[in-house]
Amino acid sequence: MKKGYKELVGEAMAEVKTYSVEEARAKLGDPQVQFVDVRDVRELEREGVIPGAFPAPRGMIEFWVDPDSPYFKPVFGEKKEFIFFCAAGWRSALTTKTVQDMGLENVAHIEGGFKAWKDAGGVVGVKEGKAKS
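Described in the following lines is the structure provided in the data block. (Residues numbered from 1 in each chain as written. Predicted model: local features only at pLDDT ≥ 70, side-chain atom pairs only at ≥ 80, totals over all residues. Heavy atoms only, no water.)

### Concerning the sheet that holds strand E1 (residues 17-19)
Thinking step 1. The strand order E1-E5-E4-E2-E3 describes an open sheet built from five strands, whose pairing is parallel. A strand with exactly one partner marks an edge of an open sheet, and here the two such strands are E1 and strand E3 (54-55).
Thinking step 2. Judged from the three bridges that link them, strand E4 (residues 81-85) and strand E5 (residues 107-110) form a sheet pairing that is parallel. Looking across to E5, one finds that Phe 84 is bridged to His 109. (Pairing = 2+ DSSP bridges. Helix = DSSP H or I, 4+ residues; strand = E, 2+ residues; numbered from the N terminus.)

Below you can see the structure in the form of structure tokens.
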């Protein structure tokens, strides 16, 4: 293997802005900041969510961020700071590096991810289910 995940995550961490949980918590509720949760939907249901975070699974991020993609999500066209997080901070580091390379500006991720957020007493909500029709 040329590069393992540790090297890829290390390279990403060297190139992206990383917020501590305390720094990220201070930004929660700021209308100019959008938290983005890249965890899998099963993780959201099992572990909870940061209220107001936009769920964007890691496997779709390139398609959701690119305005030329048929899967583009308008939230990524807003002039906000985007703070990505996952469970432990590895996927969010890779995600932040990827979207930064794609040209999305003003991006960061949370050191230690959702686990660190919860451990530090950060606000946690329950994932809302889809409305049944």
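Structure shown, so let's carry the discussion forward.
### Concerning the packing of aromatic side chains
Thinking step 1. The full count for this structure, using the stated rule, is seven aromatic pairs.
Thinking step 2. With a centroid separation of 5.3 Å and 40 degrees between ring planes, the pair formed by Tyr 5 and Trp 90 is classed as tilted. Taken together, the residues Tyr 5 in helix H1 (residues 5-15) and Trp 90 in helix H5 (residues 90-102) connect sequence positions 85 residues apart.
Thinking step 3. Residue classification places Tyr 5 among the partly exposed positions, given a relative accessible area of 46%.
Thinking step 4. Take Trp 90: its relative accessible area is 47%, and that puts it in the partly exposed class.
Thinking step 5. Measuring from ring centre to ring centre gives 6.2 Å for Phe 85 and Phe 114, while their planes differ by 25 degrees; the resulting arrangement is stacked. Of this pair, Phe 85 sits in strand E4 while Phe 114 sits in helix H6 (residues 113-119); the two residues are 29 residues apart in sequence, bridging distant segments of the chain. Each member of the pair Phe 85 and Phe 114 is classed as buried. (Phe/Tyr/Trp six-rings, centres within 6.5 Å; stacked < 30°, edge-to-face > 60°. Buried < 20%, exposed > 50% of the residue type's maximum accessible area, 1.4 Å probe, protein only.)

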